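# Working through the structure, step by step
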Amino acid sequence: MVVGLCTVELFIAESQSLKDKRQVLHGLKERLRSKFNLSVAEVDGQDLWQKAVLAMACVASEGRFVSQVLEQALNLIPQAAGALRIVERRFDVDG
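Note that the coordinates shown come from a computational prediction; the quantities given were computed from them, not determined experimentally. (Residues numbered from 1 in each chain as written. Predicted model: local features only at pLDDT ≥ 70, side-chain atom pairs only at ≥ 80, totals over all residues. Heavy atoms only, no water.)

### Here we look at the nonpolar core
Counting 25 residues, the largest nonpolar core has Leu 10, Leu 32, Leu 38, Met 56 and Ile 77 as the members making the most contacts within it. Counting only elements with at least two residues in this core, the list comes to β1 (2-12), α1 (18-36), β3 (51-60) and α2 (63-80). Residue contributions to this core peak at 7 residues, all from α2. (Core = buried A, V, L, I, M, F, W, Y, C linked by side-chain atoms within 4.5 Å. Buried < 20%, exposed > 50% of the residue type's maximum accessible area, 1.4 Å probe, protein only. Helix = DSSP H or I, 4+ residues; strand = E, 2+ residues; numbered from the N terminus.)

### Some words on the sheet that holds strand β2 (residues 39-44)
Read across the sheet, 4 strands follow the order β2-β3-β1-β4 without closing on themselves; strand pairing throughout is antiparallel. Both outer strands of the open sheet, β2 and β4 (84-94), are each paired with one neighbouring strand and no more. Each strand axis lies, on average, 20° off the axis of its neighbour in the sheet, ignoring direction. Relative to β3, β1 runs antiparallel, the two being bridged by 10 bridges. When the sheet's bridge partners are listed, Phe 11 is paired in β3 with Lys 51. α1 rests against β1, β2, β3 and β4 of the sheet, and its axis sits at about 15° to β3. (Pairing = 2+ DSSP bridges. Axes fitted to C-alpha atoms, helices over the stretch in contact; angles between N-to-C directions. Contact = heavy atoms within 4.5 Å.)

### Considering the pattern of salt bridges
Within the structure shown, the criterion is met by 5 salt bridges. Among the salt bridges present, the one from Glu 71 reaches Arg 89, with a minimum N-O distance of 3.4 Å. Here Arg 89 lies in strand β4 and Glu 71 lies in helix α2, a separation of 18 residues in the sequence. The class for Arg 89 is partly exposed, based on a relative accessible area of 43%. Between Glu 88 and Arg 90 there is a salt bridge whose closest N-O contact spans 2.7 Å. The class for Glu 88 is partly exposed, based on a relative accessible area of 37%. Residue classification places Arg 90 among the partly exposed residues on the basis of a relative accessible area of 38%. (Salt bridge = Lys/Arg side-chain N within 4 Å of Asp/Glu carboxyl O.)

Right under this line is the structure:
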């Protein structure tokens, strides 16, 4: 069993309130869950309007598959919501 974790720090340029931020993140998280079957959660920056840190987790039998899924999910983020910019990303694949 291989477990992959990807943590992504996002900048949400057009967000003017926490409500705006939640609306953008809700749509993004649902899209990531449905398309890639990932576990997705906001893990930091909950009180900031324009910053969010999302963690995405994937479990599979092959490390290569886990890495591919997480990389594809990262590529989807800017396409899913144009107002998002990835500031930093961290990968950790164990297994």
